[in-house]
Amino acid sequence: MTSYDAIVIGTGQAGPYVTSRLAGAGMKVAVIERHAFGGTCVNTGCIPTKTMVASAYAARMAARASEYGVDVGPVRVDMKRVMARKEAVSKASRDGVEAWLRNMENCTVHQGHARFESAHEVSVGGERLHADRIFINVGGRAFVPDMPGIGEIDYLNNSSIMSLEELPRHLIVVGGSYIGLEFGQMFRRFGAEVTIIEMGPRLVSREDDDVSTAIREIVEHEGVQVRTNAKCISFARHGDGIAANVDCAEGAPQVHGTHVLLAVGRRPNTDDLGLDKAGVVVDDRGYIGVDDQLRTDVPGIWAIGDCNGKGAFTHTSYNDAEIVIANLLEDDPRRVSDRITAYALYIDPPLGRVGMTEGEIRRSGRKALVARRPMTRVGRAVEKGETQGFMKIAVDAESGAILGAAILGTGGDEVIHSILDVMYAKAPWTVIRRAMHIHPTVSELIPTLLSELRPMEAPTAT
Ligand SMILES: Cc1cc2nc3c(=O)[nH]c(=O)nc-3n(C[C@H](O)[C@H](O)[C@H](O)COP(=O)(O)OP(=O)(O)OC[C@H]3O[C@@H](n4cnc5c(N)ncnc54)[C@H](O)[C@@H]3O)c2cc1C
């Protein structure tokens with residue numbers, strides 16, 4: 001048995017930061033990783049997908065080049081080189097995390113699958129480690145739904161699609177949310193036929209109707225087929241390919257493709273962690289229960305990142321790590337409830353989102369003002385020839401607080417931060433209204449947008 005001051009399980013987006021801060025404070029820390037350093041974001045999530053989105057954007061702009069007065073000839077995408085570029089970017093990040101941890105003073109790296117033996121003991125390989133403080137950062141993996149015929153076909157998920165070297169002739173994407181849409185548009189731009197099958201009545205159902213509709217228009221405009229209301233999805237082999245039964249109210253009952261990507265959600269990696277031996281409780285979906293400062297019910301054990309169900313993003317995981325360290329080392333009682341919802345969807349143009357949706361505001365019964373502007377009325381977007389989408393913002397009619405915003409349009413993932421930071425400052429919308437922004441930018445239209453606020457309609461009775 002080797003004793004440490006702290007054990008960190010997993011090197012995702014929270015574990016390495018916690019490790020570095022504790023080791024930097026003089027604690028002896030063991031960090032355990034069973035697979036690839038850097039976890040999902042670095043290896044099969046944000047970094048490789050956004051690198052591939054960049055290749056897809058290049059292909060799209062090359063195909064549109066003549067609109068800009070530029071002749072480039074026929075566009076051909078070389079998937080091997082797209083994947084090699086993606087792998088180089090991922091590898092640099094993965095190697096960076098590994099080297100950082102291995103060279104860190106007071107830190108010992110263990111490679112292998114960690115399991116709790118008790119509340120203060122973890123086994124890895126043949127070794128047993130002991131610590132009074134244990135941080136669980138085990139992340140999650142793609143969920144495989146129990147759909148009829150799924151066992152009869154080969155399917156891809158966000159990990160295995162990273163190893164594809166050929167372009168699918170027809171990619172069927174099951175799931176019309178963030179991951180499915182990013183892959184769907186990207187592979188369409190690479191030259192594949194793509195059909196996105198969504199069980200719900202609209203894409204990205206967590207967003208407002210107008211956002212869902214505009215996203216559907218954007219991907220359909222590029223030739224992605226979208227099948228919503230696919231209530232009873234099932235699969236069967238069909239010649240060399242796959243038949244997916246979609247049972248939609250409209251359109252053909254079957255879609256025939258060559259590859260299937262499952263993008264129907266994630267599940268936490270908590271099922272083989274020995275949590276019962278430590279007394280750590282999970283909910284019915286496997287997420288570890290934590291309080292507002294990310295402590296589990298067992299003293300000395302924290303759960304950070306996707307495995308606690310309080311976020312499903314790299315920035316929420318990293319923020320978890322900051323909250324834990326602020327409480328432990330900085331005498332700063334930061335809490336999860338201090339943070340404001342913020343995320344992006346990386347189709348092109350991207351969607352940047354903060355705070356409440358319009359639907360959530362209506363349901364809350366608040367009096368609110370809302371403004372909306374299409375990107376066709378944003379000079380910067382017109383100049384760039386990227387006018388799809390719109391921006392909207394909602395504020396509290398009484399306090400002036402900004403309640404939420406969506407920017408679906410060129411630069412939306414960056415521009416949204418000009419709103420987010422004012423929300424963190426707890427300043428009213430009038431602060432942005434009076435700010436002088438730089439011309440020509442997308443951001444310069446946010447003060448103008450705020451001059452167009454109108455009362456939000458009350459919810460219609462159902
Ligand atoms: C396709 C895709 C695209 C995404 N794009 C974005 C994006 O653009 N922006 C964004 O913010 N988020 C994005 N995400 C989500 C983001 O990747 C995750 O939220 C983020 O990685 C947080 O992960 P984490 O720190 O909780 O753990 P992870 O990054 O999942 O890491 C957990 C680590 O723990 C290790 N581990 C697990 N169990 C054990 C064990 N028993 N013993 C030892 N080690 C173990 C794993 O091997 C892994 O390395 C995307 C996800 C996917 C799938």
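Relevant structure appears above.
My aim in this report is to walk through the structure given alongside it, one point at a time. Given the structure is predicted, the values throughout are model-derived calculations rather than measurements. (Residues numbered from 1 in each chain as written. Predicted model: local features only at pLDDT ≥ 70, side-chain atom pairs only at ≥ 80, totals over all residues. Heavy atoms only, no water.)

## Some remarks on the layout of surface pockets
Definition in use: Think of a 1 Å grid over the protein atoms and nothing else: a 1.4 Å probe that fits but is trapped marks a cavity, an open set flanked by protein within 12 Å on at least five of seven lines marks a pocket, and residues with an atom within 4 Å of a point count as lining. Grid points are joined across faces, edges and corners, and a volume is the space filled by probe spheres set on the points. Starting at the N terminus, helices and strands are each numbered in turn, a helix being any DSSP run of H or I of at least four residues and a strand any DSSP run of E of at least two. Residues are grouped as follows: nonpolar covers Ala, Val, Leu, Ile, Met, Phe, Trp, Tyr, Cys and Pro; charged covers Asp, Glu, Lys and Arg; every other residue, Gly included, is treated as polar.
Considering only enclosed or pocket space, the second largest pocket measures out at about 210 Å³ in volume. Lining the second largest pocket are 13 residues, and of these V53, Y57, I347, D348 and P350 sit closest to its centre. The element best represented in the lining of the second largest pocket is helix α3 (residues 46–63), accounting for three residues. By residue class, the composition of the lining of the second largest pocket is seven nonpolar, two polar and four charged.

## Describing the side chain of T195
So the rule is basically this: Polar contacts, as used here, are pairs of N or O atoms within 3.5 Å; protein pairs need one atom able to donate a hydrogen and one able to accept it. Residues neighboring in sequence count only if both atoms are side-chain atoms.
For T195, the location among the structural elements is in strand β11 (residues 193–197). Within the local environment of T195, its side chain forms a polar contact with the side chain of H170, the two groups lying 2.7 Å apart.

## A word on the pattern of salt bridges
Note the threshold: Salt bridge, as used here, is a side-chain nitrogen of Lys or Arg placed within 4 Å of a carboxyl oxygen of Asp or Glu. Accessibility here uses a 1.4 Å probe with only protein chains present; expressed as a share of the type maximum, an area under 20% marks a residue as buried, one over 50% as exposed, and anything in between as partly exposed.
Counting across every chain of the model gives 32 salt bridges. E121 is the salt-bridge partner of R128, the closest N and O atoms lying 2.7 Å from each other. Overall, E121 belongs to the buried group, its relative accessible area being 18%. Notably, a salt bridge pairs D209 with R202, separated by 2.8 Å at the nearest N-O pair. Via salt bridges that share partners, D208, D210, E358, R362, R372 and K392 belong to a single interconnected network.

## So, unusual backbone geometry
With an omega dihedral of 0°, the bond running from D348 to P349 counts as a cis peptide bond. By the secondary structure assignment, P349 is in the loop between β19 (342–345) and β20 (351–355). Cis rather than trans, the peptide bond between H439 and P440 has omega equal to -5°. Of note in the backbone geometry, N229 takes a positive phi value of approximately 55° without being a glycine. Examined against the element boundaries, N229 turns out to sit in the loop between β12 (225–227) and β13 (234–238). Backbone geometry at K426 places phi at a positive 55°, although glycine is not the residue there.

## What to know about the side chain of T296
As a reminder of what qualifies: A contact between two residues is defined here by any heavy atoms of the two lying within 4.5 Å.
Residue placement: T296 occurs in the loop between α7 (275–278) and β18 (301–303). Reaching out from T296, the side chain makes a polar contact with the backbone nitrogen of V298 at a distance of 3.1 Å. Within the structure, the side chain of T296 is placed 2.8 Å from the backbone oxygen of I301, a separation counted as a polar contact. Dropping the residues within four chain positions of it, T296 is found in contact with V280, I288, G289, V290, I301, W302 and A303.

## With respect to the site of the ligand
Note the cut-off: Nearness is judged by heavy atoms alone; a residue qualifies as near a molecule or strand once a single heavy atom is within 4 Å of it. Residue-level accessible areas treat just the shown protein chains as cover; the underlying method is Shrake-Rupley with a 1.4 Å probe.
The full set close to the ligand counts 39 residues, and E33, T40, K50, D306 and S317 are the nearest of them. At a separation of 2.8 Å, an oxygen atom of the ligand approaches a polar backbone atom of Q13. Between the ligand and A114 there is a distance of 2.9 Å, counted from a nitrogen atom to a backbone nitrogen or oxygen. Contact with the protein chains covers 94% of the free accessible surface of the ligand, which is 1000 Å².

## Remarks on the sheet that holds strand β15 (residues 254–257)
Rule in force here: Note on pairing: two strands pair once DSSP finds at least 2 bridges between them. Between the N-to-C directions of two axes lies an angle of 0 to 180 degrees, each axis being a line fitted to C-alpha atoms and, for a helix, fitted only over the stretch in contact.
Spatially, three strands are ordered β13-β14-β15 in an open sheet, and the strand pairing comes out antiparallel. Only two strands of the sheet have a single neighbouring strand rather than two, namely β13 and β15. For this sheet, the mean inter-axis angle between neighbouring strands, taken without regard to orientation, is 25°. Where β13 meets strand β14 (residues 241–245), five bridges bridge the pair, whose relative direction is antiparallel. Across the sheet, the residue bridging to A236 is A243, located in β14.

## Describing the environment of H256
Structurally, H256 is set in strand β15. Taking the relative accessible area as the measure of exposure, H256 reaches 38% and is therefore partly exposed. C-alpha separation for the pair H256 and E127, spaced 129 residues apart in sequence, amounts to 50 Å. The contact partners of H256, leaving out residues within four places of it in the chain, are H170, I172, H238, I242 and A243. In this structure the side chain of H256 is engaged in a polar contact, spanning 3.5 Å, whose partner is the side chain of H238. Of note is the side chain of H256, whose polar atom sits 2.8 Å from the side chain of Q254.

## Describing empty space enclosed by the protein
Evaluated as defined, the whole model comprises two cavities of 30 Å³ or more. By volume, the largest cavity amounts to about 80 Å³. Forming the boundary of the largest cavity are 15 residues, of which D208, M356, T357, E358 and K392 lie nearest the centre. Breaking the lining of the largest cavity down by element, the ones donating at least two residues are α9 (358–364), β22 (390–396) and β23 (402–408). Considered class by class, the residues forming the lining of the largest cavity number eight nonpolar, two polar and five charged. Taken together, V53, A56, E182, Q185, M186, R189, Y346 and I347 make up the lining of the second largest cavity. Where the lining of the second largest cavity is concerned, the elements lending two or more residues are α3 and α5 (178–190). When residues in the lining of the second largest cavity are grouped by element, the largest group, four residues, is from α5.

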